[in-house]
Amino acid sequence: MMIRTLPLRSRTSGAVLAFFAPGERVESHVLVSRLPAASRAVVRAALRARKFSGKPKEVRVIALPSATTPTLVLVGVGKRSELQRRRLDLCLRAGTMAMKTERARDMVIVLGDIISGHARRDPVLERAAQQVVENVTLAKYEFRRYKTGVTERETPALRSLSLLVEPKEIVVVKRGAQTGGIIGDALTLCRDLGNTPG
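Quick caveat: nothing in here was measured; it's all calculated off a predicted structure.

Peer 1: Residue-level account of the pattern of salt bridges, with values.
Peer 2: On inspection of all chains with the given rule, the structure shows 8 salt bridges. Across the salt bridge formed by Glu 142 and Lys 100, the nearest N and O atoms sit 3.5 Å from each other. Separated by 42 residues along the polypeptide, Glu 142 in the loop between α5 (122–139) and β6 (160–165) and Lys 100 in helix α3 (residues 85–101) bring together distant segments of the chain. On the basis of relative accessible area, Lys 100 is assigned to the partly exposed category, the value being 23%.

Peer 1: A description of α5 should follow, citing residues and the corresponding values.
Peer 2: Helix length check: α5 (18 residues) gives 26 Å between terminal C-alpha atoms against 26 Å at 1.5 Å per residue, within 8%. Judged by how many residues are buried, α5 sits mostly within the fold: 13 of 18 residues are covered.

Peer 1: Break down the side chain of Ser 66 for me, with residues and values.
Peer 2: With respect to the secondary-structure elements, Ser 66 resides in the loop between β3 (59–63) and β4 (71–76). Within the structure, Ser 66 has its side chain in polar contact with the backbone nitrogen of Thr 69 (distance 3.2 Å). Discounting residues that sit within four places of it in the chain, Ser 66 has contacts with Pro 36 and Ser 39.

Peer 1: Which residues make up the packing of α3 against α5, and what values go with them?
Peer 2: With their axes 9 Å apart at the nearest point, α3 and α5 run at an angle of 45 degrees to one another. Classified by the angle their axes make, α3 and α5 are oblique. Seen from above, α3 lies across α5 with right-handed handedness. Across the interface between the two elements, Arg 85, Leu 88, Asp 89, Leu 92, Arg 93, Thr 96, Met 97 and Lys 100 of α3 pack against Arg 127, Gln 131, Val 132, Glu 134, Asn 135, Val 136, Leu 138 and Ala 139 of α5. Its residues assigned to classes, the contact of α3 with α5 shows 7 nonpolar, 3 polar and 6 charged.

About the criteria used
Residues numbered from 1 in each chain as written. Predicted model: local features only at pLDDT ≥ 70, side-chain atom pairs only at ≥ 80, totals over all residues. Heavy atoms only, no water. Salt bridge = Lys/Arg side-chain N within 4 Å of Asp/Glu carboxyl O. Helix = DSSP H or I, 4+ residues; strand = E, 2+ residues; numbered from the N terminus. Buried < 20%, exposed > 50% of the residue type's maximum accessible area, 1.4 Å probe, protein only. Expected span 1.5 Å × (residues − 1). Polar contact = N/O pair within 3.5 Å; in protein donor to acceptor, adjacent residues only side chain to side chain. Contact = heavy atoms within 4.5 Å. Axes fitted to C-alpha atoms, helices over the stretch in contact; angles between N-to-C directions. Parallel < 35°, antiparallel > 145°, perpendicular 65-115°, else oblique. Left-handed = near helix turned anticlockwise from the far one by under 90°. Nonpolar A, V, L, I, M, F, W, Y, C, P; charged D, E, K, R; others polar.

This is the structure:
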């Protein structure tokens, strides 16, 4: 999986994974607010039809009429003051599993969704990027080596993850994402070894 760290204002394409606490407005999210008018109308209509509360691990998938952002996946994290590492791990994995179900090839995450409420210091940013990449790598894992008749078209793999951050944070976030990629790949290799017969 290719991991990109891009400035927050960058134009990206791919399914958006966005995290919300109770009471946070979906429409004011930085990526939702940049959607074309038709896509924003679909989001508003979907939220009117079925409420999204932001409870921990609550997942809501909204298909959008946009070529650049075909899917919006909303994930609840619960109260920000109670957001611990384990809960965030579970929320990241739940969101990634929803992306897999939607057969998303490219995923976009705003890192600020995850560290909201914390000081944006280098260690916090680096650790958050590492945590995101580790969990996305683990959640997208599938052992298909001995399955017959399964093609990439039937079950496409997530091919890229874009982390959007402030321009001055790119270097430190890249470092954390690289560490997360190494750990995620090592755990994936361990899973492959465990799943291989003999």
